[in-house]
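Observations on chain architecture
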Amino acid sequence: MSVSAPRCMASSGQKPIAEILHPLSGAEEQLSVTVSVVGGDKRLPSQHLGLMSLSPSAQEAALTNGTPVETSSPASTSSLFNRLQLDDDLDAAVRDPYVETAETRDLFVTVDDPKKHVSTMETYITYRVSTKTSRVEFDLPEYCVRRRYQDFDWLRSKLEDSQPTHLIPPLPEKFVMKGVVDRFSEEFVETRMKALDKFLKRVADHPVLSFNPHLNAFLTAKDLNKRQGLALLTKVGESVKQVAGGYKLRARPPEFCAMGEYLDTFNQKLGTIDRIAQRILKEQSEYLTELREYGTVYSSWVASEGELRRPLEGVGGCVATCCGALEDLGEGMSQDFLPVLREYILYVESMKNVLRKRDQSQAEYEGRLEAAMLRKQEDRTPMPVEVEKCQDKVECFNADLKADWERWQSNKRQDFKQLLTGMADRNIHHYEKCQAAWESLVTVLQDKQTGDKTNETN
């Protein structure tokens, strides 16, 4: 069977979520996604989640994209990143389903130009949100509004409430430790701006979330009505919790069990790397402080050693060059490497939240089905319509979660390829700068030695 998931919807707009059918294949059948594009439908096979039959040791080796990979030895499965698929020649079926080109996209958003606002009540930062689109849902082709962090938080909450079956990208964390990071510093604002831009781009590129009316309001309205719809959505959420709260889920389907196990292992790996990277960054900062003081000593020594002036100045210059290279390396790690790790740690929590909602929906369906079967045995009444609606909701949850899982895996491969390649380039550049500086000093010392020998001979 196939799942109908809109890829790039027609300009007439999106159908309501209740009208989108999500027929599911059997547990052992491979899922395929029908993608709607302008001018026709395109069927793209997605990867089968093959983690359900893996042992715990093999699951760790399968962290590349949710499918098992060949391992040469048990010891090789202890590392996550040495199994990431970073080749440019990935199979098209794995790489292309969720990569949109500029020709197929019709919604472009950008977050930039942070500004600080100071008032008597509070101080905050706003960001410029620019939109270009050709969709008929928008009255104008271009918009430009200013939003603060709490507006982005409002949008994400609305997306979670109105699209509970989909994975909502995470926002950067709102709070920072006092005394550790200044939330109005240029570095912090720049890092947050990049994270907000990535969040909004992920939402705008999503084939369902990008048609959400709350996103439209966020991108176009000058003043957001943040209270609208809260009461109704809260009541709906509470009613679902009451129905499913007294029923224990029988068993999560194997493929979703595999997702949960993958997320646990992936989160553990990212957490370990994040802690070690934080410690390395701290040690580099302490080493940089000592190195600067070390270079200053050589520079001040020149005044009392006239004959050694050039060598001492050369050593001081080399140390200063190494300081600059180390500072650039630390900035790259704090501004580019660590934020991506943190984003995917938050992504894991978002995915787990969707899995919990799916389990809640399944528990609601199983509870209603069990109650209906008991009533049917007693008085032979037909199956209530509510049971069928709950079944449709579970199938919708399963289909949307599988599609978002594949999209997330595709984005993750691209992000980590760029992350690790950038880290390698920064380290190479750092050591090349240091090596070139010390090699230039060797030339100075050799010239000094040759001059001394000439003077002795004369």
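That block above? That's the structure.
Overview of the structure.

Cut-offs and rules
Residues numbered from 1 in each chain as written. Predicted model: local features only at pLDDT ≥ 70, side-chain atom pairs only at ≥ 80, totals over all residues. Heavy atoms only, no water. Helix = DSSP H or I, 4+ residues; strand = E, 2+ residues; numbered from the N terminus. Buried < 20%, exposed > 50% of the residue type's maximum accessible area, 1.4 Å probe, protein only. Phe/Tyr/Trp six-rings, centres within 6.5 Å; stacked < 30°, edge-to-face > 60°. Polar contact = N/O pair within 3.5 Å; in protein donor to acceptor, adjacent residues only side chain to side chain. Contact = heavy atoms within 4.5 Å. Axes fitted to C-alpha atoms, helices over the stretch in contact; angles between N-to-C directions. Parallel < 35°, antiparallel > 145°, perpendicular 65-115°, else oblique. Left-handed = near helix turned anticlockwise from the far one by under 90°. Nonpolar A, V, L, I, M, F, W, Y, C, P; charged D, E, K, R; others polar. Expected span 1.5 Å × (residues − 1). Pairing = 2+ DSSP bridges. Salt bridge = Lys/Arg side-chain N within 4 Å of Asp/Glu carboxyl O. Core = buried A, V, L, I, M, F, W, Y, C linked by side-chain atoms within 4.5 Å.

**Here we look at the overall build of the protein chain**
Assigned secondary structure in the protein chain consists of nine helices and six strands. With 458 residues in all, the protein chain has 41% of them scored as buried.

**Considering the packing of aromatic side chains**
In this structure the tally under the stated criterion is 14 aromatic pairs. Judged by centre distance (5.4 Å) and plane angle (75 degrees), the ring pair of Tyr262 and Trp405 falls under edge-to-face. Highlighted residues: Tyr262 in helix H7 (residues 254-301) and Trp405 in helix H9 (residues 385-457), separated in sequence by 143 residues. Judged on exposure class, the residue Tyr262 and its partner Trp405 are both buried. Arranged with centres 5.5 Å apart and planes meeting at 50 degrees, the rings of Trp405 and Trp408 form a pair that is tilted. A residue pair is termed a helical-turn pair when its members lie 3 or 4 positions apart in one helix, as Trp405 and Trp408 do in helix H9 at three residues.

**Digging into the side chain of Thr133**
With respect to the helices and strands, the residue Thr133 is situated in strand S5 (residues 123-133). Within the structure, the side chain of Thr133 is placed 2.8 Å from the backbone oxygen of Asp106, a separation counted as a polar contact. In this structure, Thr133 is in contact with Asp106, Leu107, Phe138, Leu140 and Pro141, ignoring residues within four places of it in sequence.

**Considerations on the packing of helix H3 (residues 149-162) against helix H4 (residues 186-205)**
One way to put it is that H3 packs onto H4 with a least axis distance of 12 Å and a crossing angle of 30 degrees. When the axes of H3 and H4 are compared, the pair comes out roughly parallel. Note that H3 runs across H4; the crossing there is left-handed. For the pair H3 and H4, the contacting residues are Tyr149, Phe152, Leu155, Arg156 and Leu159 in the first and Arg192, Leu196, Phe199, Leu200 and Val203 in the second. When its residues are assigned to classes, the contact of H3 with H4 shows eight nonpolar, no polar and two charged.

**Here's the deal with H3**
Between its first and last C-alpha atoms H3 spans 20 Å; for 14 residues at 1.5 Å apiece the expected length is 20 Å, and the two agree. Looking only at H3, the buried set comprises Tyr149, Asp151, Phe152, Trp154, Leu155, Arg156, Lys158 and Leu159.

**Let's talk about the sheet that holds S5**
Strands sit in the order S4-S5-S6 across an open sheet of three strands; the sheet is antiparallel. Among the strands making up the open sheet, the edge pair consists of strand S4 (107-118) and strand S6 (142-148). For this sheet the average axis-to-axis angle between neighbouring strands, irrespective of direction, equals 20 degrees. Here 10 bridges tie S4 to S5, and the two strands are oriented antiparallel to one another.

**Details of the environment of Glu388**
The topology assignment puts Glu388 in helix H9. In this structure Glu388 comes out as partly exposed when scored by relative accessible area, which is 43%. The sequence separation of Glu388 and Tyr365 amounts to 23 residues, and the corresponding C-alpha distance is 8.5 Å.

**Description of the pattern of salt bridges**
For the coordinates displayed, the defined rule picks out 22 salt bridges. In this structure, Asp359 engages Arg358 in a salt bridge whose closest nitrogen and oxygen atoms are separated by 3.0 Å. For Arg358, a relative accessible area of 1% translates into the label buried. Each of the salt bridges in this network shares a partner with another, and the network as a whole consists of Lys198, Arg202, Glu343 and Asp415.

**A short note on the nonpolar core**
Of all hydrophobic cores here, the largest spans 28 residues; its most connected members are Val111, Val129, Phe152, Leu155, Leu200, Phe218 and Leu219. Only S4, S5, S6, H3, H4 and helix H5 (213-220) provide two or more residues apiece to this core. When residues in this core are grouped by element, the largest group, seven residues, is from H4. Among all residues touching Val129, those that are not within four sequence positions of it are Thr110, Val111, Tyr143, Cys144, Val145, Arg147, Phe152, Leu200, Phe218 and Leu219. Grouped together as the second largest cluster of nonpolar side chains are 27 residues, Tyr262, Phe266, Val348 and Met351 included.

**As for the environment of Lys357**
Tracing the sequence through the fold places Lys357 in helix H8 (residues 309-379). Sequence separation between Lys357 and Thr165 is 192 residues; the distance between their C-alpha atoms is 7.7 Å. If we skip the residues at most four places from it in the chain, Lys357 touches Glu160, Pro164 and Phe397.

Keep in mind these values describe shape, not function.
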